[in-house]
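Fold and geometry: a report
So you can see what is in the structure, the chains are spelled out below.
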Amino acid sequence: MKEKSQFENKTVIVTGGAAGIGRAVVEALAARGALVYAADINEAGLKAITDSVPAVIPVKLNVSQQQDFQQVIDQVLADQGHLDIIVNNAGIGLAGDFNQTSLADLEKITDINYWSVIYGTKFAYAQMIKQGHGHIVNVSSSGGAMPVPNQSMYSGIKHAVLGFSHSLREEAAHYGVKVSTVLPGMVQSDMWDSAVNVKDYNLKKSMENTGLKPISAHDAARAILKGIIANDRSIIFPRINRVTLWFYRLMPNIFTRLFVTPLAKPESATP
Ligand SMILES: NC(=O)c1ccc[n+]([C@@H]2O[C@H](COP(=O)([O-])OP(=O)(O)OC[C@H]3O[C@@H](n4cnc5c(N)ncnc54)[C@H](O)[C@@H]3O)[C@@H](O)[C@H]2O)c1
């Protein structure tokens, strides 16, 4: 009941809202009375979500296209007059030996996972400052707060998202705008299947080899909504991930030797 009143009639944009964590966030927000725009490049996924939740407004958007992103936000403002929350969630995986990774793939993941967060934040922030309120929710990763070998570029970008968002949070508070950063651990989604694998690397296999059990996208969405309500600086889930990041922050060298270095072995990625 309490959660519902928090999101009722709020105008929200969720990027990457057609699948995985984004879709679960869209559904959870719509169920709590928010007016949700699901922005995604995947038209079939957008159709599937509006078939099951007709109140959701689908928007075809490639988040790496600056002008298209600006137009979407302008259109939402023209229609609704305000924007309460943006969840910059769209992202892709890129895994394998950095030395073997093409510059094209490095630029692609930077455009989708980094620049989209900057565009979404920049355009929404200007409006939220005018309004004197709003909440920017940027999705990083546990890999944005600890090293992830064979996903160096992904991890590096997620670190950048984290540093950017934590820094902006302090500036934004002076305008009444909130900024939260999401650090998911392993969540069930298609991201590992659809990731760009360099050469014969197999991200899905390497994630399975960790032995960790991913949580559902719906559990992830619940944690994200709870963190939005609490205006958490960092929204970290599941609980094991809190312990992991705490351990890494406290003893980076020991943690790395025990848990990170073994993952860097090429055989950890292959069947
Ligand atoms: N699944 C995990 O274990 C996990 C862990 C940590 C962080 N994350 C982060 O959570 C976010 C969501 O991941 P997910 O697991 O739900 O992945 P997913 O692949 O299930 O969903 C990602 C969505 O983003 C969309 N997308 C991709 N490129 C796009 C583009 N250029 N323009 C617009 N939309 C685009 C896809 O179409 C898809 O709908 C990502 O930022 C990811 O890095 C995921």
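Please refer to the structure higher up on the page.
Anyway, here's the lowdown on the structure attached to this text. (Residues numbered from 1 in each chain as written. Predicted model: local features only at pLDDT ≥ 70, side-chain atom pairs only at ≥ 80, totals over all residues. Heavy atoms only, no water.)

Along the chain, the position of S155 falls in helix α6 (residues 152–172). There is a polar contact of 3.4 Å between the side chain of S155 and the backbone oxygen of M146. (Helix = DSSP H or I, 4+ residues; strand = E, 2+ residues; numbered from the N terminus. Polar contact = N/O pair within 3.5 Å; in protein donor to acceptor, adjacent residues only side chain to side chain.)

Another aspect to go through is the pairing of strand β4 (residues 85–88). Across a regular strand the side chains alternate sides, sitting on one face of the sheet and then on the other. The side-chain alternation of β4 yields two buried faces, one formed by I85 and V87 and the other by I86 and N88. Direction of pairing for strand β1 (residues 11–15) relative to β4: parallel, over a ladder of three bridges. In the strand pairing of β4, V12 is matched with I85. Across four bridges, β4 lies against strand β6 (residues 134–139) in parallel orientation. In the sheet register, I85 faces β6, and the bridge partner there is H135. (Buried < 20%, exposed > 50% of the residue type's maximum accessible area, 1.4 Å probe, protein only. Pairing = 2+ DSSP bridges.)

This part takes up the site of the ligand. As a structural note, the neighbourhood of the ligand is formed by 29 residues, with I21, D40, N89, Y154 and S189 the closest of them. Between the ligand and I21, the relevant distance is 2.8 Å, taken from an oxygen atom to a main-chain nitrogen or oxygen of the residue. Every element with two or more residues in the shell around the ligand is listed here: α2 (20–31), α6 and α7 (191–194). Of the residues belonging to the shell around the ligand, the class tally is 16 nonpolar, ten polar and three charged. (Near = heavy atom within 4 Å. Nonpolar A, V, L, I, M, F, W, Y, C, P; charged D, E, K, R; others polar.)

Attention now moves to α2. Think of an α-helix as turning once every 3.6 residues; residues three or four places apart then point the same way. Here α2 is twelve residues long and its end C-alpha atoms lie 17 Å apart, about the 16 Å a rise of 1.5 Å per residue gives. Burial analysis of α2 places nine of its twelve residues in the buried class, the great majority of the element. Every buried residue belonging to α2 is among I21, G22, A24, V25, V26, E27, A28, L29 and A30, and all of these are buried. Where α2 ends, the next residue or the one after it, G33, has phi of about 90 degrees, a positive value. (Expected span 1.5 Å × (residues − 1).)

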